[in-house]
Amino acid sequence: MRQFRKSAMAIGVLTASSLFLASCDDASVYGGASVGVYYDSMMWNDYYRPYPPPSHGRPPAKPVPPIAKPPGRPVHPIAPAPPIHRPAPRPR
Amino acid sequence: MTLFRPISRGVMAAAISLFAAFPALSGTPVIYKDQGKALFQLDVPDFWNVRVGGARNLQAPQEDTPREVPRLIGLTPEGMDDVFVGFIAPRQVSSFEQGLAYMSEIGPHLVRDAEVSSSERRRIAGFPAMRVAGTGRRNGKTVHFTAVLIDIPGPRMAFSVTVLEAGHDPAVLDDVNAIYDSFRSAR
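Residues numbered from 1 in each chain as written. Chains lettered and ligands numbered in written order. Predicted model: local features only at pLDDT ≥ 70, side-chain atom pairs only at ≥ 80, totals over all residues.

**Observations concerning the overall build of chain B**
Within chain B, the regular secondary structure consists of three helices and twelve strands. Contacts in chain B between residues at least 24 apart in sequence constitute 52% of all its contacts with a sequence separation of at least 6. (Helix = DSSP H or I, 4+ residues; strand = E, 2+ residues; numbered from the N terminus. Contact = placed C-beta atoms within 7 Å.)

**Details of the sheet that holds strand S11 (residues 158-165) of chain B**
Working definition: the strands of a sheet are paired by backbone hydrogen bonds and lie parallel or antiparallel to each other. Residue and element names in this part refer to chain B. Overall, antiparallel pairing links the seven strands, which are arranged S3-S6-S7-S11-S10-S9-S8 in an open sheet. Two strands bound the open sheet, and with one partner strand each, they are strand S3 (48-53) and strand S8 (112-124). For this sheet, the mean angle separating the axes of adjacent strands, direction not counted, is 15 degrees. Of the pairings in the sheet, the one linking strand S10 (residues 141-150) to S11 comprises eight bridges and is antiparallel in character. Bridging from a neighbouring strand, Val148 pairs with Ser160 of S11. (Pairing = 2+ DSSP bridges. Axes fitted to C-alpha atoms, helices over the stretch in contact; angles between N-to-C directions.)

**Topic: the nonpolar core**
The biggest cluster of nonpolar side chains holds 48 residues, and the ones touching the most others in it are Met42(A), Leu149(B), Ile150(B), Met157(B), Ala158(B) and Val163(B). Apart from the residues lying within four places of it in its own chain, the contact partners of Leu149(B) are Phe96(B), Gly99(B), Met103(B), Ala129(B), Met130(B), Met157(B) and Phe159(B). (Core = buried A, V, L, I, M, F, W, Y, C linked by C-beta atoms within 7 Å. Buried ≥ 20, exposed ≤ 12 C-beta atoms within 10 Å, placed from the backbone.)

**Examining the interface of chain B and chain A**
The interface of chain B with chain A comprises 31 residues on the first partner and 24 residues on the second. Put simply, the parts of the chain that give the side of chain B that touches chain A at least two residues each are strand S4 (56-58), strand S5 (67-69), strand S6 (72-77), strand S7 (83-88), helix H2 (96-110) and S11 of chain B. Tallying contributions element by element places H2(B) first for the side of chain B that touches chain A, with five residues. Classifying every residue of the side of chain B that touches chain A gives 14 nonpolar, seven polar and ten charged. (Nonpolar A, V, L, I, M, F, W, Y, C, P; charged D, E, K, R; others polar.)

Written out as structure tokens, the structure reads:
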């Protein structure tokens, strides 16, 4: 009987401790809404850069993958924020 | 037993001082690859988020053709949305002259009214590097940016930019510096 009381008390203390710790933990998810714009801005910078100079010679043939790819390109899961800066059209 | 106690205390003290002396060792390595080739690597500090985008096709509004942009690694401290560190190996940038042009282009993309306040040549991870720092505005906030160009072995250069919005926690700068301290060429 005495041992049962000790076990019940230990379980009670553990439950109370875990509830207390859980209340300290913030369950919300921090978003990258703000920093995401800097990520996208770095990509847009490369997008607006001048075209690379024409390469001489034939580019090396791409190896054929052992497993055929599904048709069409996969849609990127994160759409970039629109650019805040648009340089002059680059020469073609 | 009596002999063991002072030894174990000494070992514990040494271990604690080692951890304190090398905080940069507590990161997770990330390797930047382009077209299957490893170019450079860095350690992501604990409790930082990593966003890795591969080479992808972008199409700007009112543009008719999509263009490919290279892989970009973005790092942000967990729970903070006012600090950003990005790494990229831009194509067609293989010299400091081209890198400087790249730096001058990226400012207006990151912030409005970008103004350069300082620039210097230095070495990072033993490689020649250039650092340009300045300020601007984004989303109504003052923003400090530091752009770094690192001449890694081979025909490519690594480019990085750190963006700190006004009001950021200064303690996060230790982690940012640890990222740059961990930078290594993968070649």
